[in-house]
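# Results of the structural survey
Next come the chains, spelled out residue by residue.
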Amino acid sequence: MSQSQPAPLLAVRGLSRIYAARGLGRGSTTIVDDVSFDVAENETLGLVGESGSGKSTIGRAVLMLPKPSAGTVRLDGEDLTRLGSSGLRAARRKMQIVFQDPYAALNPRMSVGAFIAEPLEVHGVGSRAERAETVADLLRKVGLDPAAARRYPHQFSGGQRQRIAIARAIALRPRLVVADEPISALDVSIQAQIVNLLMDLQDELKLSYIFISHDLRVVRRICHRVAVLSAGRIVELAPTERLFVDPRHPYTRRLLAAIPLLDPAAERERAARWRDEAPDGHGGRGPLVEVAPGHFVARAEP
Ligand code: ADP
Ligand code: MG
């Protein structure tokens, strides 16, 4: 399955996460089931789906946190699932994760400067003085005063804490950032600022994102393509505008129908259209089929 033209930065194939059920003879639970997707350089791939559909599990598995039960994850052509601990440590410089709750991610007893410098220190980047310079630069990049380095997390607001977490995430100049609900815990008034910051950093640092969110309006605004996850499987994957304008899978339609339209008549029209158009053999949990360029929909089970 080829989803983007040049060799992608990230290529995930057949990714699965299976948990052994507790107790003898209980079998196992498949949380993520045979998931494949690419992320191109400088691209934002949205990952959407109901709570519990496996979004965070996929985001973490891409970073080998922990290694998936099956499948391959190639970053710049290198299969991360085959790396030992030292290879993984090196590969981890290229990918970072930003979580929903910036307070939980920060260490309350560490100054902001020490927290941001920690990955640099772990990887032996620069002298102490050079790292302090880098921290000041990173703080400026995320819109904070370099003087913040001497202060502690509790002295900052939620939005500022997320800026601090982002500064640390970009300290090692990663290629890929998994942003797992990075704005869900923030005040609505702050959310747009953090989204704008992520977009500015993408331009400046040529970052790729896996953007996990249940805010479909933000997803539509910032993602180039979107994968829709239902109970551990991708049921639809398409360029963003195609997905929002012409969703084919009933699950995607249900998800999108939750976005209110300004005009109630338009809303009724949309509901009728999505109800009446038969999904022509699509709409199951089977393999993905390309129905239009770059637009994949899961077929009925084989
Ligand atoms: P999402 O991020 O889409 O809300 P998650 O990836 O966090 O979903 O979780 C997917 C499913 O995996 C959930 O049903 C969750 O209960 C289950 N799960 C997560 N961790 C474990 C675990 N350690 N053992 C068993 N099931 C787990
Ligand atoms: Mg999650």
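Residues numbered from 1 in each chain as written. Chains lettered and ligands numbered in written order. Predicted model: local features only at pLDDT ≥ 70, side-chain atom pairs only at ≥ 80, totals over all residues. Heavy atoms only, no water.

### Focus: the overall build of the protein
- Counting secondary structure elements, the protein contains eleven helices and twelve strands.
- The C-alpha radius of gyration of the protein comes to 20 Å, within 12% of the 19 Å expected for a compact globule of 302 residues.
- Its C-alpha atoms put the protein at 65 × 50 × 45 Å along the principal axes.
- Put simply, the protein has 302 residues, and 48% of those count as buried.
- A sequence separation of at least 24 residues applies to 64% of the contacts in the protein between residues at least 6 apart.
- As displayed, the protein offers around 14,500 Å² of accessible surface, 50% of which is attributable to carbon and sulfur atoms. (Helix = DSSP H or I, 4+ residues; strand = E, 2+ residues; numbered from the N terminus. Rg over C-alpha atoms; globule rule 2.2 N^0.38 Å. Buried < 20%, exposed > 50% of the residue type's maximum accessible area, 1.4 Å probe, protein only. Contact = heavy atoms within 4.5 Å. Areas by Shrake-Rupley, 256 points an atom, 1.4 Å probe, with all protein chains shown as cover.)

### Side note on the sheet that holds strand E1 (residues 10-20)
- Strand order across the open sheet formed by four strands is E2-E1-E4-E5, with antiparallel pairing between neighbours. Here the strands that pair on one side only, and so sit at the sheet edges, are strand E2 (28-39) and strand E5 (78-79).
- Looking at chain direction, E1 and E2 are connected through eight bridges and run antiparallel. Across the sheet, residue isoleucine 18 finds its bridge partner in E2, namely threonine 30.
- Strands in contact with helix H1 (residues 55-62) are E1, E2 and strand E4 (70-75); relative to E2, the strand with the most contacts, it is inclined by about 65°. (Pairing = 2+ DSSP bridges. Axes fitted to C-alpha atoms, helices over the stretch in contact; angles between N-to-C directions.)

### What to know about the nonpolar core
- Counting 55 residues, the largest nonpolar core has Ile116, Leu139, Val142, Ile164, Ile166, Leu201 and Phe211 as the members making the most contacts within it.
- Counting 32 residues, the second-largest nonpolar core is a separate cluster that includes Leu15, Leu63, Ala91 and Ile212. (Core = buried A, V, L, I, M, F, W, Y, C linked by side-chain atoms within 4.5 Å.)

### Thoughts on the site of ligand 1
- Lining the immediate environment of ligand 1, one finds Tyr19, Ile31, Glu50, Ser51, Gly52, Ser53, Gly54, Lys55, Ser56 and Thr57.
- Here an oxygen atom of ligand 1 and a backbone polar atom of glycine 52 are 2.7 Å apart.
- At 3.0 Å, a backbone N or O of glycine 54 approaches an oxygen atom of ligand 1.
- The fraction of the free accessible surface of ligand 1 (570 Å²) that becomes covered by protein chains is 55%. (Near = heavy atom within 4 Å. Polar contact = N/O pair within 3.5 Å; in protein donor to acceptor, adjacent residues only side chain to side chain.)

### Some remarks on the environment of aspartate 180
- Tracing the sequence through the fold places aspartate 180 in strand E7 (residues 176-180).
- Classification of aspartate 180 as buried rests on a relative accessible area of 7%.
- Contacts of aspartate 180, omitting those with residues within four sequence positions, involve Ser56, Val98, Phe99, Gln100 and Ile212.

### Regarding the pairing of strand E3 (residues 44-48)
- E3 sits mainly inside the fold: five of its five residues count as buried.
- As paired elements, E3 and strand E8 (residues 208-212) share four bridges and run parallel to each other. In the strand pairing of E8, leucine 47 is matched with isoleucine 212.
- As defined by bridge partners, E3 adjoins strand E9 (residues 225-230) across four bridges and the pair is classed as parallel. Bridge pairing in E9 links leucine 47 to alanine 227.

### A few points about the environment of alanine 90
- Within the secondary structure layout, alanine 90 lies in helix H2 (residues 85-92).
- The class for alanine 90 is partly exposed, based on a relative accessible area of 46%.
- Expressed as a C-alpha distance, the spacing of alanine 90 and histidine 123, which sit 33 residues apart in the sequence, is 8.6 Å.

### Some words on unusual backbone geometry
- Of the consecutive residues leucine 65 and proline 66, the connecting peptide bond is found in the cis state with omega at -10°.
- Relative to the helices and strands, proline 66 resides in the loop between H1 and E4.
- Of note in this structure, methionine 64 is not a glycine but carries a positive phi near 60°.
- You can see methionine 64 is positioned in the loop between H1 and E4.
- By relative accessible area, methionine 64 is classed as buried at 4%.
- Its identity as a non-glycine residue notwithstanding, alanine 231 has a phi of 45°, on the positive side.
- Here alanine 231 shows up in the loop between E9 and strand E10 (233-239).

### Quick look at the sheet that holds E3
- Pairing in this open sheet of eight strands is mixed, and the strands run E6-E7-E8-E3-E9-E10-E12-E11 from one edge to the other. The sheet terminates laterally at strand E6 (95-98) and strand E11 (288-292), the two strands that pair on one side only. Each neighbouring strand pair of the sheet contributes to a mean axis angle of 20°, computed without reference to strand direction.
- Here five bridges tie E7 to E8, and the two strands are oriented parallel to one another. Of the residues in E8, the one forming a bridge with valine 177 is tyrosine 209.
- This element, helix H7 (residues 188-205), spans E3 and E8 of the sheet and lies at about 160° to E8.
- Along the sheet, helix H10 (residues 250-257) makes contact with E3, E9 and E10, crossing E9 at roughly 105°.

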